[in-house]
Amino acid sequence: MNHFFCSDYSRQLGEDIIGSATNYQTYILVECLQPWMSEAFQSKWVPDNLRVLVEEVQRRKLSIRFLLIANDQSHKVEQTTLLIYQEQEGLSNGYHKQEFKLPNIQQAAGVVRKWLSGGKPDYQIETSITRDILVCTHGSHDQCCARYGNPFYFYARNTISDLQLDDVRIWKSSHFGGHRFAPTAIDLPEARYYGVLDQDSFRSILTRTGDIEFLHKVYRGWGLLASTLQILEREIILLQGWDSFKYKVAGKILGQSMDNNTMLADITYENPAGSLYSYQASLVKDAVKTQVLKSSCHATQESLVVKYAIANLWLVDRKVASTAGQN
């Protein structure tokens, strides 16, 4: 039995988890009965046509992340939920959701193929749900997600119920990266990633209240942005407070050194009033936080994990947009 827990190891090292959110144009979430195998789409309940589609998308290197999801009702209902979250172009504060209720999981591949080809699939529904929170509980992939993800899922479910957040839905999810930060979660439609979660931090994330400094510990980054830009975005959140969660954003790396040790990053925001402003920062390789570590419980070798720090931060521009709220 493997007694090494990568999440414990990461915490002992004091690893900074920012910059670990992954960036995809599309998330496709398919409700599927458990248990799931280590390679989720090889699981018993995944039909061949869906498995083939996932393999095709991977071969074509499309920016699409397929995940299996389940909740406490999945084994009791005769329908299958399919969620497609698509990144919005231009300045954006999240992804556009389409939800489908399928007679069974066999229909999922056909609906997704039609959507990918630009068609309008059947089975789409409207719902009052405005947030889907995914908690990785994929213990067959990494034991930390079982050890920490499963208990956290049940806590999170009860917290959402206690707060009477009827528009928030919680799911168990297959692996989406960062198991050494378990318990880890994605908050959709924004696609903000969190890790090393506990009861107090999750309640603050749900309600967007409390001392925002705790995000320094649990915020993995915003999936809308490249990993290096996530460092700058966290710094701006800590400066701006919870109001910044309402802003639309676009970011880019303006330049970098040949050895990638220094970068110039830019993030442009639009607030709800339509005001635009940009922050720029010099990012430098952080020799202290850059570490060699085992990235998973079953890793046979250690990996170099490069971290960056903000050397300088400044406000570049501020103006009122001609059309408030325009993408």
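Conventions adopted
Residues numbered from 1 in each chain as written. Predicted model: local features only at pLDDT ≥ 70, side-chain atom pairs only at ≥ 80, totals over all residues. Heavy atoms only, no water. Helix = DSSP H or I, 4+ residues; strand = E, 2+ residues; numbered from the N terminus. Buried < 20%, exposed > 50% of the residue type's maximum accessible area, 1.4 Å probe, protein only. Contact = heavy atoms within 4.5 Å. Core = buried A, V, L, I, M, F, W, Y, C linked by side-chain atoms within 4.5 Å. Axes fitted to C-alpha atoms, helices over the stretch in contact; angles between N-to-C directions. Parallel < 35°, antiparallel > 145°, perpendicular 65-115°, else oblique. Left-handed = near helix turned anticlockwise from the far one by under 90°. Nonpolar A, V, L, I, M, F, W, Y, C, P; charged D, E, K, R; others polar.

A. The overall build of the chain, seen in detail. Helix and strand counts for the chain stand at seven helices and 16 strands. In terms of its C-alpha atoms, the chain occupies a principal-axis envelope of roughly 55 × 55 × 45 Å. Put simply, the chain has 327 residues, and 52% of those count as buried. Once local pairs closer than 6 in sequence are excluded, the contacts in the chain between residues at least 24 apart make up 69%.

B. Quick peek at the nonpolar core. In this structure, Y27, L29, L134, F202 and L215 are the most contacted members of the largest nonpolar core, which totals 61 residues. If we skip the residues at most four places from it in the chain, L134 touches L29, L67, I69, W171, S173, F176, T184, A185, I186 and L188. In terms of nonpolar packing, the next biggest core, distinct from the first, is built from 25 residues, L50, L82, I84 and F100 among them.

C. Representation of the packing of helix α4 (residues 143-162) against helix α5 (residues 199-207). Look at α4 against α5: their axes get within 11 Å of each other, and the N-to-C directions meet at 45°. Judged by the angle between their axes, α4 and α5 are oblique. In the packing of α4 onto α5, the handedness of the crossing is right-handed. Across the interface between the two elements, F152, Y155, A156, T159 and I160 of α4 pack against Q199, F202, R203 and L206 of α5. In terms of residue class, the contact of α4 with α5 is made up of six nonpolar, two polar and one charged.

D. Highlighting unusual backbone geometry. Backbone torsion omega between Q34 and P35 reads 10°, so that peptide bond is classified as cis. Looking at where P35 falls in the secondary structure, it is placed in the loop between β1 (26-31) and α2 (48-59). Geometrically, the link from A182 to P183 is a cis peptide bond, its omega value of 0° lying close to zero. Of note, P183 is situated in the loop between β7 (168-173) and β8 (185-188). In this structure, Y123 takes a positive phi of about 80° despite not being glycine. Mapped onto the secondary structure, Y123 falls in the loop between α3 (108-116) and β5 (124-125). The class of Y123 is partly exposed, set by a relative accessible area of 37%. Positive phi outside glycine occurs at V196, with the angle close to 50°. Mapped onto the elements of the fold, V196 is located in the loop between β9 (192-194) and α5. For V196, a relative accessible area of 11% puts it in the buried group.

E. Molecular detail of the packing of helix α1 (residues 6-13) against α4. Contact geometry for α1 and α4: axes closest at 8 Å, N-to-C directions at 80°. In terms of their interaxial angle, α1 and α4 are classed as roughly perpendicular. Counting all contacts with α1, which are made through C6, S7, D8 and R11, the residues of α4 involved are C144, R147 and Y148. In terms of residue class, the contact of α1 with α4 is made up of three nonpolar, one polar and three charged.

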